[in-house]
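Structure assessment
Single-letter residue listing:
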Amino acid sequence: MKVYTTLTEAINDLTRRGYTFNFNLKNDSVESMANHLKIKPDEFEIDEVHRFQEMSDVDNENILYAISSIINDAKGLLINAYGIYADTTSAELVSKLDKHFN
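None of these values were measured; they are calculated from a predicted model.

Looking now at the pattern of salt bridges. A full pass over the atoms with the stated rule returns 5 salt bridges. Where glutamate 48 meets arginine 17, a salt bridge forms, and the shortest distance between an N and an O atom there is 2.3 Å. Residue glutamate 48 is located in strand 4 (residues 45–53), and its partner arginine 17 is located in the loop between helix 1 (7–16) and strand 1 (21–25); the two are separated by 31 residues in the primary sequence. Each of Asp13, Arg16, Arg17 and Glu48 takes part in a single network of salt bridges with overlapping partners.

Set out below in structure tokens:
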């Protein structure tokens, strides 16, 4: 897996590699509003995870997930500030996202 220096560099490279959907977290799924697509945790795989922390602000940390779904023929990116999903997202989705850090 490639190591990126910045979030922008990672987004540009992954987009070039076909991760073109922009996903957002919903209670029990990831969703691409532009593509009218809602994907449950058992319908996608997390291909890559990249963490970025701003040197000037140690509390400002982002995680970039490269997600693919064979069932939905979709590849895209989910950007999430570290830890904010825990209170608003289903346990199944949190578990899927967290398993890459344990």
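Read on, since the account is not over.
Turning our eyes to something else, we now look at the environment of asparagine 24. Turning to its location among the elements, asparagine 24 is positioned in strand 1. In contact with asparagine 24, not counting residues within four places along its chain, are Ser29, Val30, Glu31 and Leu78.

Okay, the pairing of strand 1 next. As judged from the 2 bridges shared by strand 1 and strand 2 (residues 30–32), these two strands associate in the antiparallel manner. Within the sheet, the bridge partner assigned to leucine 25 lies in strand 2 and is valine 30. A loop of 4 residues connects strand 1 with strand 2, the two strands running antiparallel in sequence.

For the rest of this paragraph, the subject is the nonpolar core. If you look at soluble globular proteins, the nonpolar side chains tend to sit buried side by side. Phe23, Val30, Phe44, Tyr65, Ile67 and Leu78 are the most contacted members of the largest nonpolar core, which has 15 residues in total. Among the elements of the structure, strand 1, strand 3 (37–39), strand 4, strand 5 (61–69), strand 6 (74–81) and helix 2 (91–98) are those that each provide at least two residues to this core. Looking at this core element by element, the count peaks at 3 residues for strand 5. In this view, phenylalanine 44 contacts Val30, Ile39, Ile67, Ser68, Ser69, Leu93 and Lys96; residues no more than four positions away in its chain are not counted. Ranked by size, the runner-up nonpolar core spans 8 residues in total, among them Tyr4, Ala10, Leu14 and Leu77.

To continue, consider the packing of aromatic side chains. To describe a pair of aromatic rings, you give the distance between the ring centres and the angle between the ring planes. Scanning all chains against the criterion turns up 1 aromatic pair. Taking 6.0 Å as the distance between ring centres and 25° as the angle between the ring planes, the aromatic pair formed by phenylalanine 21 and phenylalanine 23 counts as stacked. According to the relative accessible area criterion, phenylalanine 21 is buried, its value standing at 16%. What makes phenylalanine 23 buried here is its relative accessible area of 3%. The aromatic ring of tyrosine 19 is capped on one face by lysine 75, whose charged end is 4.5 Å from the ring centroid.

Conventions used here
- Residues numbered from 1 in each chain as written.
- Predicted model: local features only at pLDDT ≥ 70, side-chain atom pairs only at ≥ 80, totals over all residues.
- Heavy atoms only, no water.
- Salt bridge = Lys/Arg side-chain N within 4 Å of Asp/Glu carboxyl O.
- Helix = DSSP H or I, 4+ residues; strand = E, 2+ residues; numbered from the N terminus.
- Contact = heavy atoms within 4.5 Å.
- Pairing = 2+ DSSP bridges.
- Core = buried A, V, L, I, M, F, W, Y, C linked by side-chain atoms within 4.5 Å.
- Buried < 20%, exposed > 50% of the residue type's maximum accessible area, 1.4 Å probe, protein only.
- Phe/Tyr/Trp six-rings, centres within 6.5 Å; stacked < 30°, edge-to-face > 60°.
- Lys NZ or Arg CZ within 6 Å of the ring centre and 35° of its normal.

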